[in-house]
Amino acid sequence: MTELKIPSHLAIILDGNGRWAKKQNRPRTFGHKEGAENVIRIARSAKKFGIKTLTLYAFSTENWKRPASEVGFLMDLLIKFVRSKLDELIAEDCKLNFLGDISKLPEKTREACLYALDKTKDNKSLLINIALNYGGRDELVHAFREIMAKGYGPDDITEEMISDNLYTSGQSDPDLLIRPGGELRLSNFLIYQMAYTELYFTDVLWPDFTEDDLKDAILDFTRRDRRYGGL
């Protein structure tokens, strides 16, 4: 697919794990486990297609409202993901990064995140942002507080300054957002960064989302005429 206009930065909302598990007559946690496995498969496909940044919405600031047992499973799942998949990600030259306030995560989960950051910090082929305890509105509050803490006043604030204080500072904005699972909304994800992002929705649930589905989304993206408000 090298001859096509490939998105440099791809964002995906990892949606549909619970519904997928229900269809299998399994608990929701089984769906989350399979969804985590699919992260590796799609990351490998993204790298194959020439994507440079992959941002995955894994756990939002609103997800703390879920049952404590499910939240606890997700926190433990991240630890297991790092332990079991980190070597594979390193072999693929993937660099892990986390978007969101990870200081609020359980200690062992936070330690796993920091360990993954350190072990992959020099990798260059694919940057994988995992949005964890992340919310777009919360990110903007964080950015404005950072700006104020540096002593800037209202008249000093620019779009560039806001971008520089987001969790994605130094990164390009997403070219394409994919949302599996059939829902047609952004769900508080990268709301500042996605001002001109192309949106692609599919009914395919995340655990069933394959390399072919990714290819279909990219092919659809290549047919878009991105004018950014111009002609």
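Presented here is an overview of the structure given in this document. Values in this document were obtained by computation on a predicted structure and should not be read as measured data.

### A closer look at the pattern of salt bridges
Part 1 of the reasoning: This structure, assessed with the given rule, holds 16 salt bridges.
Part 2 of the reasoning: For aspartate 118, the salt bridge is made with lysine 121, and the minimal N-O distance between the two is 3.3 Å.
Part 3 of the reasoning: Judged by its relative accessible area of 47%, lysine 121 is partly exposed.
Part 4 of the reasoning: The partner of aspartate 220 in a salt bridge is arginine 224, with the nearest N and O atoms 2.5 Å apart.
Part 5 of the reasoning: A relative accessible area of 22% places arginine 224 in the partly exposed class.
Part 6 of the reasoning: A network of salt bridges, in which partner residues are shared, links Arg44, Lys47, Glu88 and Glu92.

### A short note on a nonpolar patch on the surface
Part 1 of the reasoning: A contiguous nonpolar patch, built from Leu184, Leu199 and Phe201 and spanning about 270 Å² of accessible area, is present on the exposed surface.
Part 2 of the reasoning: For leucine 199, the position within the fold is in strand β6 (residues 198–201).

### Describing the sheet that holds strand β1 (residues 9–13)
Part 1 of the reasoning: The strand order across the open sheet built from six strands is β3-β4-β2-β1-β5-β6, with neighbouring strands paired in parallel fashion. The sheet is open, and its two edges are formed by β3 (94–99) and β6, each paired on a single side. Within the sheet, the average angular offset between the axes of one strand and its neighbour, ignoring direction, is 20°.
Part 2 of the reasoning: Where strand β5 (residues 176–179) lies against β6, four bridges are found, and the strand directions are parallel. Bridge pairing links arginine 179 to phenylalanine 201 in β6.

### A word on the side chain of lysine 85
Part 1 of the reasoning: With respect to the helices, strands and loops of the structure, lysine 85 is situated in helix α3 (residues 68–91).
Part 2 of the reasoning: Classification of lysine 85 by relative accessible area gives buried; the value is 14%.
Part 3 of the reasoning: Among the polar contacts listed, one links the side chain of lysine 85 to the side chain of glutamate 37, at a separation of 3.0 Å.
Part 4 of the reasoning: Residue contacts for lysine 85: discarding those within four places in its chain leaves Glu37 and Ile40.

### Remarks on the state of the cysteines
Part 1 of the reasoning: By the definition in use, this model includes zero disulfides.
Part 2 of the reasoning: Just so you know, cysteine 94 is unpaired, no disulfide at all, and the nearest cysteine sulfur is the one on cysteine 113, 16 Å from it.
Part 3 of the reasoning: Residue cysteine 113 is classed as buried on the basis of its relative accessible area of 0%.

### Some remarks on the layout of surface pockets
Part 1 of the reasoning: Its volume calculated, the largest pocket comes out at about 770 Å³.
Part 2 of the reasoning: Here the second largest pocket defines a volume of roughly 170 Å³.
Part 3 of the reasoning: As for the second largest pocket, its lining consists of Glu159, Ser163, Asp173, Pro174, Asp175, Tyr192, Gln193, Ala195, Tyr196, Thr197, Arg226 and Tyr228.
Part 4 of the reasoning: Taken together, the residues of the lining of the second largest pocket sort by class into five nonpolar, three polar and four charged.

### Comments concerning unusual backbone geometry
Part 1 of the reasoning: Phi angles above zero are rare outside glycine, and serine 187 is one such case at about 55°.
Part 2 of the reasoning: Within the secondary structure, serine 187 is located in the loop between β5 and β6.
Part 3 of the reasoning: Residue classification places serine 187 among the partly exposed residues on the basis of a relative accessible area of 28%.
Part 4 of the reasoning: One non-glycine residue, asparagine 188, lies in positive phi territory at about 65°.

### Digging into the packing of helix α2 (residues 28–49) against α3
Part 1 of the reasoning: Between α2 and α3, the shortest axis-to-axis distance is 10 Å and the interhelical angle comes to 30°. On the basis of their axis angle, the class for α2 and α3 is roughly parallel. Read as a crossing pair, α2 and α3 show a hand that is right-handed. Two secondary-structure elements touch here, α2 through Arg28, Thr29, His32, Lys33, Ala36, Glu37, Val39, Ile40 and Arg44 and α3 through Glu70, Phe73, Leu74, Leu77, Phe81, Lys85, Glu88 and Leu89.

Calculation criteria
Throughout, residues of each chain are indexed from 1 in the direction in which the sequence is written. Confidence filtering applies because this is a predicted model: local features only for residues at pLDDT of at least 70, side-chain atom pairs given and counted only at 80 or more, and all residues used for totals across whole chains, interfaces and linings. Excluded from the side-chain calculation are hydrogens and water; included are all heavy atoms of the structure. In the sections that follow, a salt bridge refers to a side-chain nitrogen of Lys or Arg positioned within 4 Å of a carboxyl oxygen of Asp or Glu. Here's how the labels work: a residue is buried when its accessible area is under 20% of the maximum for its type, exposed when over 50%, partly exposed in between, all with a 1.4 Å probe on protein chains only. Here, patches come from residues exposed beyond 30% relative accessible area and free of salt bridges, joined within 9 Å for like charges and within 5 Å for nonpolar side chains (Val, Leu, Ile, Met, Phe, Trp, Tyr). Surface exposure here means Shrake-Rupley accessible area, sampled with a 1.4 Å probe, where a residue is shielded only by the protein chains that are shown. Where helices and strands are cited, they refer to DSSP runs of H or I of at least four residues and of E of at least two residues respectively, numbered from the N terminus. Between any two strands, pairing holds if DSSP finds at least two bridges. A fitted line through C-alpha atoms represents every axis, and for helices the fit uses only the stretch in contact; the resulting angles, taken between N-to-C directions, go from 0 to 180 degrees. Polar contacts, as counted here, are pairs of nitrogen or oxygen atoms within 3.5 Å of one another; within protein the pair requires one atom able to donate a hydrogen and one able to accept it, and residues that are adjacent in sequence qualify only if both atoms are side-chain atoms. It only takes one pair of heavy atoms within 4.5 Å for two residues to be counted as in contact. Disulfide assignment relies on a single distance test, namely cysteine sulfur atoms paired within 2.5 Å. Cavity means a closed set of points on a 1 Å grid over the protein atoms alone, one where a 1.4 Å probe fits but cannot get out, pocket means an open set with protein on both sides within 12 Å along at least 5 of 7 lines, and lining means a residue has an atom within 4 Å of a point. Grid points are joined across faces, edges and corners, and a volume is the space filled by probe spheres set on the points. Under the scheme applied here, ten amino acids are nonpolar (Ala, Val, Leu, Ile, Met, Phe, Trp, Tyr, Cys and Pro), four are charged (Asp, Glu, Lys and Arg), and all others, including Gly, are polar. Any angle between 65 and 115 degrees counts as roughly perpendicular, while under 35 counts as roughly parallel, over 145 as roughly antiparallel, and the rest as oblique. By definition, turning the near helix anticlockwise from the far helix through less than a right angle yields a left-handed crossing, and turning it clockwise yields a right-handed one.

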